[in-house]
Amino acid sequence: MTPARREEIFRKLAEAMPDPKTELEHTTPFELLVAVVLSAQATDKGVNLATRELYKVANTPRKIAALGVEGLEKYIKTIGLYRGKAKNVVALSNLLIEQHGGEVPRTREALEALPGVGRKTANVVLNVAFDELTIAVDTHVFRVANRTGLAPGKDPLEVELGLMKVTPKKYLRNAHHYLILHGRYTCVAKKPLCWKCPIFKPCEFPEKKEFAAMGPDAPKAAAPKTALKRKMAAAGAKKK
Ligand code: SF4
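Residues numbered from 1 in each chain as written. Predicted model: local features only at pLDDT ≥ 70, side-chain atom pairs only at ≥ 80, totals over all residues. Heavy atoms only, no water.

Peer 1: Give a detailed account of the overall build of the protein chain, specifying residues and quantitative values.
Peer 2: When you go through the protein chain residue by residue, the secondary structure sums to twelve helices and zero strands. Helices and strands in the protein chain line up, N terminus first, as α-α-α-α-α-α-α-α-α-α-α-α. A globule of 240 residues ought to have a C-alpha radius of gyration of about 18 Å, and the protein chain, at 19 Å, matches this closely. In terms of principal-axis extent, the alpha carbons of the protein chain reach across some 55 × 40 × 30 Å. The burial tally for the protein chain puts 50% of its 240 residues in the buried class. Of the contacts made within the protein chain by residues no fewer than 6 positions apart, 59% connect residues no fewer than 24 positions apart. When the accessible surface of the protein chain is split by element, carbon and sulfur atoms take 56% of a total near 11900 Å². Treating the 41 positive side-chain charges of the protein chain as one cloud and the 25 negative ones as another, the clouds have centres 5 Å apart. (Helix = DSSP H or I, 4+ residues; strand = E, 2+ residues; numbered from the N terminus. Rg over C-alpha atoms; globule rule 2.2 N^0.38 Å. Buried < 20%, exposed > 50% of the residue type's maximum accessible area, 1.4 Å probe, protein only. Contact = heavy atoms within 4.5 Å. Areas by Shrake-Rupley, 256 points an atom, 1.4 Å probe, with all protein chains shown as cover. Lys, Arg positive; Asp, Glu negative; His and termini not counted. Charge placed at Lys NZ, Arg CZ, Asp CG, Glu CD.)

Peer 1: Please provide a residue-by-residue account of empty space enclosed by the protein, values included.
Peer 2: Over the atoms, a rolled probe matching the size of one water molecule traces out where space is still vacant. Taken as a whole and judged by the stated rule, the model has two cavities of 30 Å³ or more. In this model, the largest cavity occupies a volume close to 160 Å³. Looking at the largest cavity, it is lined by 17 residues, and the ones nearest its centre are Leu24, Asp44, His176, Ile180 and Arg184. Where the lining of the largest cavity is concerned, the elements lending two or more residues are helix H7 (119–128) and helix H10 (169–185). Take the lining of the largest cavity: its biggest share by element is five residues, from H10. In the lining of the largest cavity, the residues fall into six nonpolar, four polar and seven charged. (1 Å grid on protein atoms, 1.4 Å probe; cavity = no way out; pocket = protein on both sides within 12 Å on 5 of 7 lines; lining within 4 Å. Points joined across faces, edges and corners; volume = space filled by probe spheres on them. Nonpolar A, V, L, I, M, F, W, Y, C, P; charged D, E, K, R; others polar.)

Peer 1: Account for helix H1 (residues 3–16), with residues named and values stated.
Peer 2: Helix length check: H1, at 14 residues, gives a terminal C-alpha distance of 20 Å against a target of 20 Å (1.5 Å per residue), a fit within 8%. For H1, the complete set of buried residues consists of Arg6, Glu8, Ile9, Phe10, Leu13 and Ala14. Where H1 is buried, its residues contact helix H8 (139–148), helix H9 (156–166) and H10. (Expected span 1.5 Å × (residues − 1).)

Peer 1: Break down the packing of helix H3 (residues 44–57) against helix H4 (residues 61–76) for me, citing the residues and quoting the values.
Peer 2: When two helices pack together, their arrangement is captured by the angle between the axes and the distance separating the axes. Two elements in contact, H3 and H4, have axes separated by 11 Å at closest approach and are oriented at 150 degrees. On the basis of the axis angle, H3 is roughly antiparallel to H4. Crossing of H3 against H4: the hand is right-handed. Mapping the contact onto sequence places Ala50, Glu53, Leu54 and Val57 in H3 and Lys63, Ile64, Leu67, Leu72, Tyr75 and Ile76 in H4. (Axes fitted to C-alpha atoms, helices over the stretch in contact; angles between N-to-C directions. Parallel < 35°, antiparallel > 145°, perpendicular 65-115°, else oblique. Left-handed = near helix turned anticlockwise from the far one by under 90°.)

Peer 1: Could you give an account of the environment of Ile9, naming the residues involved and the relevant values?
Peer 2: By the secondary structure assignment, Ile9 is in helix H1. Along the sequence, Ile9 and Lys154 sit 145 residues apart, while their C-alpha atoms lie 21 Å from each other. Those residues in contact with Ile9 that lie beyond four places of it in its chain are Met1, Thr148, Leu150, Ile199 and Pro202.

Peer 1: Break down the packing of H7 against H10 for me, citing the residues and quoting the values.
Peer 2: Two elements in contact, H7 and H10, have axes separated by 10 Å at closest approach and are oriented at 130 degrees. In terms of their interaxial angle, H7 and H10 are classed as oblique. Crossing handedness for the pair H7 and H10: left-handed. Counting all contacts with H7, which are made through Val124, Asn127 and Val128, the residues of H10 involved are Leu172, Arg173, His176 and His177. Looking at the contact of H7 with H10, its residues break down into three nonpolar, three polar and one charged.

The structure is reproduced here in structure tokens:
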């Protein structure tokens, strides 16, 4: 893809989303960190429903540690994999108290040393809470980067490094939000809404015209079955 096309993609996404934000509700870096850990293989909406109640009673490492694993499980049991997540959140709260004075650290290394925190979660926290120019690659970002031709890659790290290299600097701060929201609401996994896509012209997805012709009322069964679609679906199934 040419630099001019990449520029056009980000310019159009920025026009469509002038003030993009994470959909995980939070008021502090710690609340964000916990919400991102809880969001693995779960929807932001489901996480928000749980954290709205949880944060009324415990929204700091000390309060979560005092709640304990069983106490925390009661608040997050509607979220997938909640038992493992409860253990991780209590363990990371204890570690923040012991090693970071109860604060969320600002470095990738320290973040990734926390239980339940991988590269993607660290990237979200660094970007959203601390304004760092990072790009977190989840299933949506992975799909959009591959499908459009923006930064093709076989795994999230390859896509992340590709995006970091090719994204024009002025769009880096919000690139993660543009791509995740575009993937969540327009360039969706099963039947992308190409007919109303703001980046239809620069997108290099070979079947975009077929999907565009389907329009809003196309039956799901009409979606073309292709090798690329299968690859995207498999990548999407791996999730966060
Ligand atoms: S044209 Fe279609 S495939 Fe390309 S980015 Fe838009 S929705 Fe996705």
